[in-house]
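Residue-level listing of the chains:
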Amino acid sequence: MKILVTGGLGYIGSHTVVELQAAGFEVVIVDNLSNTHIEVLDKIEKISGIRPSFFEFDLADRTACSNFFKKENNIDGIIHFAAYKAVGESVEKPLMYYHNNIGSLINIMENMEQYAIQNIVFSSSCTVYGQPDKLPVDEKAPRKPALSPYGNTKQIAEDIIRDTVYSSAIKSIALRYFNPVGAHHTSLIGELPLGIPNNLLPFITQTAAGIRKQLNVFGDDYNTPDGTPIRDYIHVVDLAKAHVVAVKRMIDNKTKLNFETFNIGTGNGYSVLEVIKSFEKVSKIKLNYKIVGRREGDVEQVWADTSFANNELGWKAERSLDEMTLSAWNFQKQLDKN
Ligand code: WQD
């Protein structure tokens, strides 16, 4: 069975490629290297002993996309990660986000129709819920108007998929990620943001490594137990395994609807200060941080009701917050060594 992984050299993509290979799938990667390094391909081979085939081009380029599928179309499923994902950048450059994130999806799905490729797993996000009215949030919760063009591209993409599967033989599963963190236990792959990290955990590990002077904690005046925002952090390996289960579900024709969405989280919410405490415990380092003002667009608290994914998809997150923070720290130390 051959799976195309777009954005397969990225953070979540590379961890998913490793899990697909471990499950016996042949993997083809397409990545334009806009937010990763080609060395990740060597790291994947080092972990699994199998070098996936790799094609470098921009999926938002319609001609390049159709030229690729003309040659590579005996594909049993697609896992589509390739997208820009920096919330702040999307506010400054909305057209770049719509062109890339929506354009690449349309190109892929047009080729799926042309070559009768039936299954696609879509990388969605809990941002579609905004600040949920009820917590934990389940898949039936209403989507809220997106707080950023990035979040809006996830909602629009889900709508494009929903409408397309309705009129074609394509099936799709959207996995709504909560907050992916951590790294593979070999520390060969992990979250490698280019430039100043937007996300919490890479900023913590870079501060502990002395790359950043101090972590700014964006606000402790929220209506949460310790005043800092709460998120459902999930280990990237647990998240990667969910993609293998989802693509198998479609290949084995076990889906109940042609378009299904699942919340992929742990079901536990942790505050920013709890994450810092976990990091300090596992790293034995006192982290240098300062409480500052709130960050525009942050929701106060969100964590997943994972019962649908647990019972219907047959997947459950296993790794603890301490395993997440320790694996992230081990990856940072490996990076600094090299
Ligand atoms: C988590 C918490 C911050 C940095 C976004 C996207 C989501 C996904 C993950 C792509 C918040 C606080 C952070 C810092 C801080 N994106 N924080 N200081 O915003 O929940 O989710 O990234 O896949 O779709 O929406 O993640 O890690 O940026 O923030 O205090 O330097 O950490 O305020 O409460 P977020 P995050």
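Just so we're clear, the structure is a prediction, and the values are computed from it rather than from any experiment.

Below, the discussion takes up unusual backbone geometry. The omega torsion across Leu 135 and Pro 136 is -5 degrees, close enough to zero to call that bond cis. The residue Pro 136 is located in the loop between strand 5 (119-125) and helix 6 (149-166) in this model. The phi dihedral of Leu 33 is positive, around 60 degrees, even though this residue is not glycine. When you line up the elements, Leu 33 lands in the loop between strand 2 (26-30) and helix 2 (39-48). Phi is positive for Asn 253, close to 55 degrees, though the residue is something other than glycine.

For a regular strand, side-chain orientation follows a simple rule: the groups alternate between the two sheet faces. For strand 6 (residues 171-177), the tally of buried residues reaches seven of seven residues, placing the bulk of the element in the interior. In terms of strand pairing, strand 5 meets strand 6 through seven bridges, oriented parallel. Across the sheet, Ser 123 pairs through a bridge with Leu 175, a residue of strand 6. Crossover connection from strand 5 via helix 6 to parallel strand 6: handedness right-handed. With six bridges joining them, strand 6 and strand 11 (residues 259-264) adopt parallel strand pairing.

Attention now goes to the sheet that holds strand 2. An order of 3-2-1-4-5-6-11 is seen for the seven strands of this open sheet, with the pairing classed as parallel. Where the open sheet ends on each side, the last strands, each with one partner, are strand 3 (53-55) and strand 11. On average, each strand axis in the sheet is inclined to that of its neighbour by 20 degrees, with strand direction left out of account. Relative to strand 6, helix 8 (residues 236-251) is tilted by about 165 degrees, and along the sheet it contacts strand 1 (2-6), strand 4 (77-80), strand 5, strand 6 and strand 11.

A separate point is the packing of aromatic side chains. Centre distance and the angle of the planes are the two values used to describe a pair of aromatic rings. Applying the stated rule across the entire model yields six aromatic pairs. Their ring planes at 40 degrees and their centres at 5.3 Å tell us that Phe 57 and Phe 68 sit as a pair that is tilted. Of this pair, Phe 57 sits in the loop between strand 3 and helix 3 (62-71) while Phe 68 is found in helix 3, placing the two residues eleven residues apart along the sequence. Considered together, Phe 57 and Phe 68 belong to a single accessibility category, that of buried residues. Between Phe 262 and Phe 308, the aromatic rings sit 4.6 Å apart at their centres with planes inclined by 20 degrees, giving stacked as the arrangement. Of this pair, Phe 262 sits in strand 11 while Phe 308 is found in helix 10 (residues 307-313), placing the two residues 46 residues apart along the sequence. The structure contains a cluster of three or more aromatic residues connected by ring pairs, namely Phe 55, Phe 57, Phe 68 and Phe 69.

Once that is clear, we can look at the layout of surface pockets. To locate leftover empty space, one rolls a probe as large as a water molecule over the atoms. In this structure, the second largest pocket spans a volume of roughly 220 Å³. As for the second largest pocket, its lining consists of Asp 138, Glu 139, Lys 140, Arg 162, Arg 176, Leu 257, Phe 259, Glu 260, Thr 261, Asp 305, Ser 307 and Phe 308. Sort the elements by how many residues they give to the lining of the second largest pocket and strand 11 lands first, with three residues. In terms of residue class, the lining of the second largest pocket is built from three nonpolar, two polar and seven charged.

Throughout the structure, instances matching the rule amount to one cavity of 30 Å³ or more. Forming the boundary of the largest cavity are His 80, Phe 81, Ala 82, Ala 83, Asn 101, Phe 122, Ser 123, Thr 153, Lys 154 and Ala 157. Listing elements by their share of the lining of the largest cavity, those giving two or more residues are strand 5 and helix 6. For the lining of the largest cavity, the leading source of residues is helix 6, giving three residues. Looking at side-chain class alone, the lining of the largest cavity contains five nonpolar, four polar and one charged residues.

By nearness alone, 20 residues border the ligand, and Asn 199, Leu 200, Asn 216, Arg 231 and Asp 298 come closest of all. A distance of 3.0 Å is found between an oxygen atom of the ligand and a side-chain nitrogen or oxygen belonging to Ser 125. A distance of 2.6 Å is found between an oxygen atom of the ligand and a side-chain nitrogen or oxygen belonging to Arg 231. Against a free-state accessible area of 680 Å², the protein chains account for coverage of 91% of the ligand. Tallied by class, the residues present in the shell around the ligand amount to ten nonpolar, six polar and four charged.

Thresholds, definitions, all that
Numbering of residues begins from 1 in every chain and follows the order in which that chain's sequence is written. The model is predicted, so local features are restricted to residues of pLDDT at least 70 and side-chain atom pairs to those at 80 or more, both for listing and for counting; the totals for chains, interfaces and linings are taken over all residues. The basis for every side-chain value is the complete set of non-hydrogen atoms in the structure, without hydrogens or water. We count a stretch as a helix when DSSP gives it H or I for four or more residues in a row; a strand needs E for two or more, and each element gets its number in order from the N terminus. Think of it in three bands: with a 1.4 Å probe and only protein chains considered, a residue is buried below 20% of the maximum accessible area for its type, exposed above 50%, and partly exposed in between. Here, any two strands with at least 2 DSSP bridges between them count as paired. By convention a crossover is right-handed if, when the strands point away from the viewer, the path from the first strand over the helix to the second runs clockwise. Where helices are involved, their axes are fitted lines through C-alpha atoms of the stretch in contact, as for all axes, and angles between N-to-C directions lie from 0 to 180°. Should any heavy atoms of two residues lie within 4.5 Å, those residues are counted as being in contact. We call Phe, Tyr and Trp rings a pair once their centres come within 6.5 Å, taking the six-membered ring for Trp, and we label the pair stacked below 30 degrees between planes, edge-to-face above 60, and tilted otherwise. As defined here, a cavity is a set of points on a 1 Å grid over the protein atoms alone where a 1.4 Å probe fits but cannot get out. A pocket is an open set with protein on both sides within 12 Å along at least five of seven lines, and residues line them when an atom is within 4 Å of a point. Grid points are joined across faces, edges and corners, and a volume is the space filled by probe spheres set on the points. Each residue is assigned to one class: nonpolar for Ala, Val, Leu, Ile, Met, Phe, Trp, Tyr, Cys and Pro, charged for Asp, Glu, Lys and Arg, and polar for all the others, Gly among them. The near set for a molecule or strand comprises every residue that places at least one heavy atom within 4 Å of it. Any pair of nitrogen or oxygen atoms within 3.5 Å is treated as a polar contact; in protein, a donor-acceptor pairing is required on top of that, and neighbouring residues in sequence qualify only through side-chain atoms on both sides. In these tables, accessible area is a Shrake-Rupley quantity obtained with a 1.4 Å probe, and a residue counts as shielded only by the protein chains included in the view.

Don't take any of this as a statement about function, it's just geometry.
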